[in-house]
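Structural characterization, general
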2 protein chains.
Amino acid sequence: MPGDVEIAQLKEHLREVDDLRSAASLLAWDQSTYMPSGGGPARGRHLATLGRLAHERLVQPDVQRLVERLARRSDELDGVDADLVRVVARDVDRATRYPSSFMAMVTEHAAASYGAWTRARQLGDFGAVAPYLERTVELSQRYAAYFPEAAHPVDPLIDAADEGMTVATVEPLFAELRAALVPLVESVADSAPRRPALPIARNDEAQLRVALQLATDLGYDLARGRQDVTAHPFAIRMAHGDVRITTRLDPGDLAEALFSTLHEAGHALYEQGVARELEATPLASGVSAGVHESQSRLWENLVGRSLPYWHYALPIVQRSFPEFKALDPERAYRGVNQVRRSLIRTEADELTYNLHVIIRFELELALLAGRLQVAELPEAWAARYQSDLGVLPEGHADGVLQDVHWFAGLVGGAFQGYAIGNVLSVQFFDAARAALPDLDAHLTGGTFEPLHGWLREHVYAHGRRLPPMTLVERVTGRPLTIEPYLAYLRGKYLGAAATLAAPA
Amino acid sequence: MPGDVEIAQLKEHLREVDDLRSAASLLAWDQSTYMPSGGGPARGRHLATLGRLAHERLVQPDVQRLVERLARRSDELDGVDADLVRVVARDVDRATRYPSSFMAMVTEHAAASYGAWTRARQLGDFGAVAPYLERTVELSQRYAAYFPEAAHPVDPLIDAADEGMTVATVEPLFAELRAALVPLVESVADSAPRRPALPIARNDEAQLRVALQLATDLGYDLARGRQDVTAHPFAIRMAHGDVRITTRLDPGDLAEALFSTLHEAGHALYEQGVARELEATPLASGVSAGVHESQSRLWENLVGRSLPYWHYALPIVQRSFPEFKALDPERAYRGVNQVRRSLIRTEADELTYNLHVIIRFELELALLAGRLQVAELPEAWAARYQSDLGVLPEGHADGVLQDVHWFAGLVGGAFQGYAIGNVLSVQFFDAARAALPDLDAHLTGGTFEPLHGWLREHVYAHGRRLPPMTLVERVTGRPLTIEPYLAYLRGKYLGAAATLAAPA
């Protein structure tokens, strides 16, 4: 069958693209974990070259023709191969919009910008990194210009991360979300400073050990993964057999290590759960930023910040940290669910988190549409924090410099996924709960395989085979909708059984 | 000037080759340090692709023509550019001998073989890795066949590592060396088991800290490097700004950490000392295996195992390891210079070390010439250890499985460099001593910049600009010769002031 030969040719070619991208992933992992500072400039060059070569390979005219031929006869292909051709056709269409040299320029700029941001954040010096951000905005606008059909310059960037979404669909969703969250936050949030959820004296190694045990108990496979410490935690895939997480430590609060680990382990469970048969093809990864984030949030919040979970987790914490001997699960639960009007997105609780995201999303829309200049960004940031959260950053490090995203590539397309992920996390969790009536008992008992197995079967294994919104509808029985999410938040924070509004 | 444009073209092209190779170096570093076991198969693929792409780029016909045109007008080029063209012409000539697919096959096989060796060594199971070694021998013979002009199948592999050397030049050198060493070892070596030179109870972190201090005191720049722990220590260059070392720890003997670090720091000082202007060209590395090893050995042995050095080093060791409070420099010096008939190359002293190397060199000649089968290797190994060193391995882990070299690529070309390096280390050190009359006082005082600066200026900065034997002759005033080396050994171990023959 001619399709077989051509599919084999295509896969052989895609394997090379994947080899280059996987190598780039390791270089990026190392850049954030172990690279000496002097390695930065060369690392930028190496990443740029790998990115450019991967891109050149994807847009080769013979590959395009091969994909087109296969797309025309996709009825003849088996299920996986037909999905592969659909996804590759989309990837190739997107990649052919811009020249390889453009993406190499972006990658090299991203490395320089990242280095400048690292230094600038330490000093709280926005001015030092502003020229890099101006260049980033300019490159992002140039990227958007390669997609002249887009209604908004952010649309191509959103579509790259969350297929099928646009400013036109995200903005009303966020407006609805904000309208519901602001009164909810007002009625629940404390304006006192957050207390450490699990206050400790510094003890790095034990922090990591406990956090890693929680992650492996969920099902994170260390034969195919590892944990390291970084300032900004992340999960990254090099291969089906190599999916790594990093953890952020707070010397005064064990909760930081635990929840950053649960979050990244959620991402890693997704990547480790992609079917092995998809390895080395573009299908072998999470399907979208929003669905990916739904899994990190599901494990971090729906599981990790639930009361049943703390019946399981607290004894483990107590074994390595005897200072929590007198703590009980209910108080631990309240401690890890404090609601505060705070400055830092990654430390935000479930209720306020999306407000941080929506501020960033709207600011990046304004930057890319030219309605806001980079120099005006700190002021606009402060104004939005004041109006939406009632707090003002003391310096840029707690303000506009806190997140890496605008300083490591393009502006736009990154933040909407966080809020979409929060919304979807509840949709997926509700579907899992419907299928697993004993779920709370499993969590209490530290038995995670039923939930993990259900998610692996229904979400993880498919990789990118289904478009994200098709996956959502198929698994949860309805399209993306914020109602279950709001119901979850209201139940948890305002419901009859809620103990969270009371000071812990 | 047309030469300028063409040189710029060539450098742009070579930069891409260097980007791919540098990325591959990081993947190899990670494979030995932090990669989870499940990452092995994909890592083999990724390395194979990077190696193949680098090779394809080097042998592109337009690059060959560019190099040929530049070579014809090399008189017009400035010094560095002329050297670059000479070296690239040599690299291209070697690389065009075999197809890219061959080297990808070798790289992928190397990764599989390395994994099998890691497991087999733990179990002492030679049979488990023998099929991989047979394939390695076969690939090495195929490699040799691409160089039909070679007098011996090992010659192309030797020339790849040590330009200008062949079996015809190495064999007589090694015969002479062996003839001198055997009686020397007989008159000095103890057959009692080696005692730990610096006996300790396990204390990993302090071991690493002290070892790293010794390395940075030599001049190893941590802003452009880092130290990690591996079973088999190595140094590796990703860039001028990123040259890493790894250290092997022995829980019972601090000397293992210290000397493996001094050795790898010697390699790293060389790579960090290559002139920055050569960055991202093929000139930016040490010039040959032998000259590279001369620098690791110079710092490890000529400096690190000297009596003056221990006047500086002992107080540093004592600060972190109070158990050595009663030790004095003379006894420390004797402890780190014990001469033993032993089984393990990397633990061997200066006197017996080359005998280990010569055994391996002769066995690999026999393997590649077809005079010895892989299945017969353990027996031949045992026979040579019995006859040359008077010791018999108890198992394969202490025998034929002890070194990675035959299990991580091609057989041949790796071992001669160790013995050549030992010989050259004394030639270079004598030249430095002649230029630095206060050298012993510097070492006693822990002042290493004069020696480091001299070596950087005369050896390191040049990278691959001069052929290795030209460099040797220019720097030391004469060709490679074993006489200074033997004089050093005789003076140290038999001389009037020698205290080393007496039991410590």
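Before any of the text, the structure's been laid out above.
Presented here is a report on the structure given in the accompanying data block. (Residues numbered from 1 in each chain as written. Chains lettered and ligands numbered in written order. Predicted model: local features only at pLDDT ≥ 70, side-chain atom pairs only at ≥ 80, totals over all residues. Heavy atoms only, no water.)

1. Here we look at helix 12 (residues 307-320) of chain A
All names here are of chain A. We apply this condition: In DSSP terms, a helix is any run of H or I states spanning at least four residues, a strand is any run of E spanning at least two, and both are numbered starting from the N terminus. The span one expects for a helix is its residue count, reduced by one, times 1.5 Å. In this scheme, the bend at a residue equals the angle between the axes fitted to the seven residues that finish there and the seven that begin there. When accessible area is computed with a 1.4 Å probe and restricted to protein chains, residues below 20% of their type maximum are described as buried, those above 50% as exposed, and intermediate ones as partly exposed. Polar contact criterion, stated in full: a pair of N or O atoms within 3.5 Å, where within protein one must be able to donate a hydrogen and the other to accept it, and residues adjacent in sequence count only if both atoms are side-chain atoms.
Between its first and last C-alpha, helix 12 extends 21 Å over 14 residues, near the 20 Å set by a 1.5 Å rise per residue. Of all bends in helix 12, the biggest is about 35 degrees, found at alanine 313, and the proline proline 315 comes one to four residues later. Listed as buried for helix 12 are Pro308, Tyr309, Trp310, Tyr312, Ala313, Leu314, Ile316 and Val317. For helix 12, the N-terminal cap is serine 306; the gap from its side-chain oxygen to the backbone nitrogen of tyrosine 309 is 3.2 Å.

2. Some words on the relation of the copies chain B and chain A
This is how the line gets drawn: Copies overlap after least-squares fitting; the atoms used are the C-alpha atoms of residues with pLDDT of at least 70 in both. In this analysis, two residues are considered to be in contact whenever any of their non-hydrogen atoms come within 4.5 Å of each other.
It takes a turn of 180 degrees to lay chain B on chain A, together with a shift of 0.0 Å along the axis; the resulting RMSD is 0.0 Å. Each copy turns onto its partner about a two-fold axis. No C-alpha of chain B approaches the rotation axis more nearly than that of B:Ala23, which lies at 3.5 Å. Counting the interface residues of chain B, we find that 100% of their copies in chain A are interface residues as well, pointing to one common contact surface.

3. Focus: the sheet that holds strand 1 (residues 227-229) of chain B
All names here are of chain B. For clarity, the cut-off: Strands pair, by our definition, only if DSSP identifies at least two bridges between them. For helices, the axis comes from a line fit to the C-alpha atoms of the stretch in contact; other axes are also lines fit to C-alpha atoms, and the angle between any two N-to-C directions lies between 0 and 180 degrees.
An order of 1-3-2 is seen for the 3 strands of this open sheet, with the pairing classed as mixed. Either end of the sheet is taken by a strand with one partner, and the two such strands are strand 1 and strand 2 (235-239). Across the sheet, the mean angle separating the axes of adjacent strands is 25 degrees when strand polarity is ignored. Pairing of strand 1 with strand 3 (residues 242-247) involves 3 bridges; the strand directions are parallel. Bridge pairing in strand 3 links glutamine 227 to isoleucine 245.

4. Side note on the pattern of salt bridges
All names here are of chain B. The condition that has to hold: The salt bridge definition used is simple: a Lys or Arg side-chain nitrogen within 4 Å of an Asp or Glu carboxyl oxygen.
The tally for this structure, following the rule as stated, stands at 74 salt bridges over all chains. Among the ionic pairs, arginine 69 bridges to glutamate 6, the shortest N-O distance being 2.8 Å. Highlighted residues: arginine 69 in helix 3 (residues 61-72) and glutamate 6 in helix 1 (residues 2-33), separated in sequence by 63 residues. In this structure arginine 69 comes out as partly exposed when scored by relative accessible area, which is 32%. Looking at glutamate 6, the relative accessible area reads 11%, which means it is buried.

5. Re the interface of chain B and chain A
Formally: Buried area: the accessible surface (1.4 Å probe) lost by two parts on joining, summed over both. Polar here means any residue other than Ala, Val, Leu, Ile, Met, Phe, Trp, Tyr, Cys and Pro, which are nonpolar, and Asp, Glu, Lys and Arg, which are charged; Gly is therefore polar.
Each side of the interface is counted separately: chain B has 38 residues, and chain A has 38 residues. Of the roughly 2,800 Å² buried between chain B and chain A, counting both surfaces, carbon and sulfur atoms make up 57%. In this assembly, chain B and chain A are joined by 8 salt bridges. Counting the contacts that link chain B with chain A gives 16 residue pairs in polar contact (both at pLDDT 80 or more). With 11 residues, helix 1 of chain B is the largest single contributor of residues to the side of chain B that touches chain A. For the side of chain B that touches chain A, the per-class residue count stands at 16 nonpolar, 8 polar and 14 charged.

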